[in-house]
Amino acid sequence: MAQEKLYLKGDKLLDISNYEFKSIKNALRIGREKTIKKVKDSGLKGRGGAGFPTGIKWEMAAEVEGKEKYVVCNADEGEPGTFKDRYLLEERPLKVLEGIMLAAYAVGADKAYIYIRGEYSKSIEIFSEIIETAREKKILDANLFDSDFKLELKLIRGAGAYVCGDETSLINSIEGKRGRSRIKPPYPIEKGLFKQPTVVNNVESLCCAAEVLNPDSEEFSELGIKGSKGTKLLCLSGDLNKPGLYEVEFAQITLAEIIYDLGGGIKGNEDLRFVIPGGISTAVIKAEDLDFPYSYQAFEKRGSSLGSGAVIAVSKKHDLIDLMLNVSRFYMDETCGTCFPCREGNRQINKILNAFKEEDRKIETELISDIGNTIRLAARCGLGQSSLNFITSVIENYGKELKFGGKIYA
Amino acid sequence: MLRAEIDGLNIELEEKISILDAAKKANINIPTLCYEDGLSIYGGCRLCVVEVEGEDLLKPACATEIEEGMKIKTHSKKVRDLRKNLFELIIATHNIDCQLNCLTCSRASNCELKDIAEDIGLSKMRLDPIKRGDSVDNSSYAVIREPEKCISCNRCIRKCEEVQGIGIFTTANRGPETVVTTFKDRGMGNVECTNCGQCILSCPTGALHELYQKESVLDILNDETKHVVVQTAPAVRVAISEPFSNQAGDISTGQLVTALKRLGFDAVFDTNFAADLTIMEEGTELIDRINNDGKLPLFTSCSPGWIKFIEHFYPEYLDNLSSAKSPQQMFGAVAKSYYAKEAGIDSDKIVVVSIMPCTAKKFEAKREEMAGDVDYVLTTRELASIIKSAGIDFLNLEESEYDELLGVSSGAADIFGTTGGVMEAALRTATELITGEELGKIEFEAVRGLEGIKKAEVEIGGLKLRAAVANGLGNARKVMEMIKDGEEFDFIEFMACPGGCMGGGGQPISSDKNVLEKRQQAIYKIDKSKKMRKSHENPYIKKLYDNYLEKPGSEIAHKLLHTKYKARKI
């Protein structure tokens, strides 16, 4: 039976008086450079979905000159099926706070923001209180533990746009601008928030960084395999007997074990059709192909991604057209409307799927394929580029089975 | 030195530039839609995407800087196929259908989208047009918006914000509901729009165009009971041939007059005449303000876009504006009084039509302070369209002269059509009137050219006149801020449009990058070719004062030729 490995997950961490801040103390002791080196050596990759190495991001940001530097914690958890950041914000907010402090200290920022998804009322309430108490306890806004490091932290409540999970859109939103991605380069590390060097890290990434620096869990950095280090929070949902939040060590568990052991298998007497491994912007993995270790590279090899860690099990009882329509509707509504391929492409895909009729089973797969390619190759940001991953993978894998008329997606 | 490869060609560059600019240098055309020279990079349409070796995703050429060693393919199969697919998506949102079709579009003869379709070799359209059901915004006296045609390329937004410094447009909503609109969807007539029409010049879809008065003018020309006179602004004669010849910078004053006569106007006059008159009134006002400690600096008041701008944004400076009406309005007032009397026509029967390079003139004609001076305003584009529809072979027309009385003008009036021209015309007259001596060199080079803001100190007799010239409202704002910061001037010329009237929002939409230079050179050439180059030398202006207006600034001159302004809200 596959086991969880608990580092990020655990007892509630809400009482600041009893929290020791061991990681940041450790960092203050060893200094900025060694802190960054530790994170770099740990092989930690961003947990928001894109998987950029956190240590390298910090190192680059530390080297850039700027009038001011910012750290932004991206807590705009919007990927459908994902709820790990909410867990961390509500149950382990001190860990999140410590992660933000670590990043700020490492890159030399004295101002930080946490941008929390607007719908997360409870998270916002809890984290606001944490910030307030931290100020009172001189953890924020004061020289921390008599060091020369002092951090101001502001909480921003998102206004409900999925695109603001994209770091440049999130930055626009903090600045009070329309939530839309910026053209890169310049990357936020060079010119981000208020045109200053800015590090944007996901909530879970920051908590992982806190684990890396935590003297009590030195083995954390040794977990996993090269390219996939540490642990990963999984948000199991869909047709599972035991949905919920789990923490696993990379490469020590297979996707099949995740579904059948941790998730307790498929509800009722249904058969699994496929797994959406990392939120709805990732390509599906067929039920018969689950027997591989959970790691970044294993998913990449299969043309998919572990994304945000939202593992959604989908049984055969669902209508595939319904599922595709659901996902398509989401992207159509959530594209920011700036770039033409994403805005118009997702609108047209939705129109095509809506026109599907059970009687003739005709669906213009060639057109979907052309539009899908156009969006993926030419969209302005990650939202657009990955918006058709689910739909095209369903057509690729099940087009024949569904007996779609017209040319099958190739 | 930076080396890269584009479509197999080795290129060397002195500095980092965009792939788009680098390709241009190598004589490679990459299609663009949301890109426009002089505006910030938007990166929305993605038509300019290219393949960069080693990268899976395509890169927008407008927004990607070329790097050392980059190998770029601008027209590979991958790129070409993608552009076609993408263009299908774009066209579907442009809503071409039976009601909203190409034949009635304001851009029928110079459609950017059609050009792009040709450039990318579009061969099929698999998608139905999307009907959003947006209603037409006809809240403005000057500019109409048909949102159904809008593809949200953002060019109008950027033009208004970045060049004109105003920003009446914004993007609203998200997803498929994303639209370009005005604040709270109030409509262009109910926001701080100056009616300059620069957005029309930027719109690739025909979603923006002037409020048409073509049909009304054709109707009135058929009305036997009316005496219809027409005036033509200085900048029209150097642009009206463009829709016929597709080339910029030709002077076709004589053909313009012939065409108007053929269309049936009862008298063809010239706004230039009124420009000379403006110099007499405004020049007198300037001298008076200088001599009698009046409010300085004096601001010119010819440009109605500028007038609405200052009324909205700098109402505390309204007293600095010359009280002189613009030439268009002076002409109307004179036509319906002096001309009516001289020609023995009942002024009620006289209809005044203006041909203007300007959309704001349509608004100006409707201002309550001057209502009735001018009845209809057509843009240069509208006139070209009427000429075409009347079957007139414009380019081959014989030349005719303007009708006398209100049709003779000096070279000083001609240069009103360009930035710096009103200033130069005023300086010519003011210098001679103050010093009593004839000018040696007649050109004031310091106020010539296309620079956004020009400053000059001019010696007139013993007086040092501190002059400034601003064109484009973004520059107007800069000059206003200089004044607020304490910089001192005596006389400032403001024109709302980049380049002045010749770059007006009612001018033909040109694909020639140097169109403004060419039109400006043509204007200077007309001035130079004239024997009479100073407003106060115009014998018909002298006659007007002798027979009717007495002298510049007289009571009757004030009644007919001067106006008031009002503060407007933001």
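All chains use their own residue numbering, which begins from 1 and follows the written sequence. The order in which chains are written sets their letters, starting at A; the order in which ligands are written sets their numbers, starting at 1. Per-residue local features are limited, in this predicted model, to residues with pLDDT of at least 70; the limit for side-chain atom pairs, both in listing and counting, is 80 or more; totals at the level of whole chains, interfaces and linings are taken over all residues.

Here we come to the pairing of strand β1 (residues 70-75) of chain A. Residues and elements named next belong to chain A. Counting buried residues along β1, six of its six residues qualify, which places the element largely inside the surrounding structure. Residue alternation in β1 divides its side chains into two sets, Tyr70, Val72 and Asn74 and Val71, Cys73 and Ala75, and both sets are buried. By this definition, two strands are paired if DSSP reports at least two bridges between them. The helix count covers DSSP runs of H or I at least four residues long, the strand count covers runs of E at least two residues long, and both are numbered beginning at the N terminus. Bridge count for β1 against strand β2 (residues 111-116) is six bridges, and the pairing is parallel. Each bridged residue has a counterpart across the sheet, and for valine 71 the counterpart in β2 is alanine 112. Two strands pair when backbone bridges link them, and β1 and strand β4 (residues 198-202) are joined in this way by five bridges, in the parallel orientation. By the bridge assignment, valine 72 is partnered in β4 with valine 200. Residues with at least 20 other C-beta atoms within 10 Å of their own are called buried, those with 12 or fewer are called exposed, and the rest are partly exposed. The C-beta atoms themselves are positioned from the backbone.

When the parts of a complex come together, some accessible area is lost, and that lost area is often taken as the interface size. Residue and element names in this part refer to chain B. Start and end positions for the domains come from either an automated domain assignment or a database one. What the domain assignment lists for chain B is domain 1 (2-75), domain 2 (143-212) and domain 3 (215-561). On a C-alpha basis, the centres of domain 1 and domain 2 stand 28 Å from each other. Each partner contributes residues to the interface: domain 1 has nine residues there, and domain 2 has nine residues. Charged residues are taken to be Asp, Glu, Lys and Arg, nonpolar residues to be Ala, Val, Leu, Ile, Met, Phe, Trp, Tyr, Cys and Pro, and polar residues to be all remaining types, Gly included. Taken together, the residues of the side of domain 1 that touches domain 2 break down into five nonpolar, three polar and one charged. Contact definition: two residues whose C-beta atoms, as placed from backbone geometry, lie within 7 Å.

A cis amide bond, omega -10 degrees, links lysine 184 of chain A with the succeeding residue proline 185 of chain A. Among the structural elements, proline 185 of chain A can be located in the loop between α7 (167-174) and β4. Residue proline 186 of chain A is reached from proline 185 of chain A by a cis peptide bond, and omega for that bond is 0 degrees. By secondary structure assignment, the location of proline 186 of chain A is in the loop between α7 and β4. Notably, asparagine 27 of chain B is not glycine yet its phi reads approximately 60 degrees, a positive angle. Mapped onto the fold, asparagine 27 of chain B is located in the loop between α1 (19-25) and β3 (49-52). Positive phi, close to 55 degrees, is recorded for serine 152 of chain B, a residue that is not glycine. Note on placement: serine 152 of chain B falls in the loop between β6 (143-145) and α4 (155-163).

As a further point, take the sheet that holds strand β5 (residues 71-73) of chain B. Hydrogen bonds between backbone atoms are what pair the strands of a sheet, whose relative direction is either parallel or antiparallel. All names here are of chain B. The mixed open sheet is built from five strands, whose spatial order is β2-β1-β5-β3-β4. Bordering the open sheet on either side are β2 (9-13) and β4 (59-60), each of which pairs with just one other strand. Bridge analysis of β3 against β5 gives two bridges, and the strand direction is antiparallel. Bridge pairing in β5 links valine 52 to isoleucine 72. Axis geometry follows a simple rule: fit a line to the C-alpha atoms, using only the stretch in contact for helices, then measure angles between N-to-C directions, giving values from 0 to 180 degrees. Lying on the sheet, helix α2 (residues 77-93) is in contact with β3 and β5; it crosses β3 at an angle near 160 degrees.

Our focus in this paragraph is the interface of chain A and chain B. Counting residues at the interface gives 27 residues for chain A, matched by 24 residues for chain B. Sorting the residues of the side of chain A that touches chain B by element identifies α11 (320-334), α12 (340-354) and α13 (365-378) of chain A as the ones contributing at least two each. Among the residues forming the side of chain A that touches chain B, the class breakdown is 11 nonpolar, eight polar and eight charged.

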